[in-house]
Amino acid sequence: MRRASPGVLALFLVLSGCQTASPRVEPVSGEELVRLRSLVASWQEKAFSPRRLKALYSVETNPKVGPIMRGYVSFFWDGETLVWRASAPMAGNVRGGTIERDGFESTGLLPLDIPAADVVGVFLGVPGWDIVNSPVFAAKDGYRMVSGTREMVFSPGRGVLSQSLPNRISATFEPGDGLPRAITVAGPDGKAVFRMQSLLPWPAGEGVPPE
């Protein structure tokens, strides 16, 4: 039997690879893109509006190094600041803190290194990224929107389903009315799971428990 020359064999492999390669996913364009961006913008406007909410979540944190912690965390949101209080020491052995919407540092709440602005977007269930020029692609569960090194997957009928953040950190959600019903945040340094127990208005003048 005559053997194919190395050149012919190489050409065959190249052509085979071209036939099996996944098709390129083109971004959504035109009126559909405008509609999807407008929808996400409306979610952002609602999430970051000057509403006052207080929520109680059960939490389990599983750091890569250190013991598993189970307890409860209360969140207080006024449109600019996220205040939290925990029933047991969280990462960094602290039981409370304040996270500014436009802040840069956030320590103690999660066993992960996440900028404050991203933390707020995670617990509101909607990121505050600038989406004016963000491309949108069709995804398995709906659509995927990209903003620099950050991405989110969303369903027009359900809301934001997941966020991908820098440093290989991800957040997945069970969307809810007001705040997510469940949040799972994971990264190289650990994982934390939050499940909503209650969600109520936060009356003006009502303070937060001491740390």
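Residues numbered from 1 in each chain as written. Predicted model: local features only at pLDDT ≥ 70, side-chain atom pairs only at ≥ 80, totals over all residues. Heavy atoms only, no water.

Colleague: Sorry, what's going on with helix α2 (residues 30-47) here?
Modeller: Note: α-helices contain 3.6 residues per turn, so residues at a spacing of three or four share the same orientation. Relative to the 26 Å expected for 18 residues at 1.5 Å per residue, α2 spans 26 Å between its end C-alpha atoms, a close match to the ideal helical length. Listed as buried for α2 are Leu33, Leu36, Val40, Trp43, Gln44 and Ala47. The arc enclosing the buried residues of α2, seen along the axis, measures out at 100°, which places them on a common side. Seen from the open side of α2, the exposed residues pointing more than 90 degrees away from its buried face are Glu31, Val34 and Glu45. Next to the buried residues of α2 lie β2 (69-77), α3 (116-124), β5 (136-139), β6 (142-147), β7 (150-155) and β8 (159-165). (Helix = DSSP H or I, 4+ residues; strand = E, 2+ residues; numbered from the N terminus. Expected span 1.5 Å × (residues − 1). Buried < 20%, exposed > 50% of the residue type's maximum accessible area, 1.4 Å probe, protein only. Arc of directions from axis to C-beta. Contact = heavy atoms within 4.5 Å.)

Colleague: What is the right way to look at the pattern of salt bridges in this model?
Modeller: A side chain of one charge can pair with a side chain of the opposite charge when the charged atoms of the two come close. If you walk through the whole model with that rule in mind, you get seven salt bridges. One salt bridge in this structure joins aspartate 177 and lysine 46, with 3.4 Å as the shortest N-O distance. Separated by 131 residues along the polypeptide, aspartate 177 in the loop between β9 (169-174) and β10 (182-187) and lysine 46 in helix α2 bring together distant segments of the chain. (Salt bridge = Lys/Arg side-chain N within 4 Å of Asp/Glu carboxyl O.)

Colleague: Sorry if this is basic, but what is going on with the packing of aromatic side chains here?
Modeller: The geometry of an aromatic ring pair comes down to the distance between the two centres and the angle between the two planes. Tallied over the full model, the rule gives eight aromatic pairs. Judged by centre distance (4.7 Å) and plane angle (35°), the rings of phenylalanine 75 and phenylalanine 123 are tilted. Linking phenylalanine 75 in strand β2 with phenylalanine 123 in helix α3, this pair joins segments that are 48 residues apart in sequence. Using a relative accessible area of 4% as the deciding quantity, one classes phenylalanine 75 as buried. Judged by relative accessible area, phenylalanine 123 falls into the buried class, the value being 4%. Every member of this aromatic cluster is reached through a ring pair, and the members are Tyr57, Phe75, Phe123 and Phe194. Directly above the aromatic system of tryptophan 202 lies the positively charged group of arginine 52, at a separation of 4.0 Å from the ring centroid. (Phe/Tyr/Trp six-rings, centres within 6.5 Å; stacked < 30°, edge-to-face > 60°. Lys NZ or Arg CZ within 6 Å of the ring centre and 35° of its normal.)

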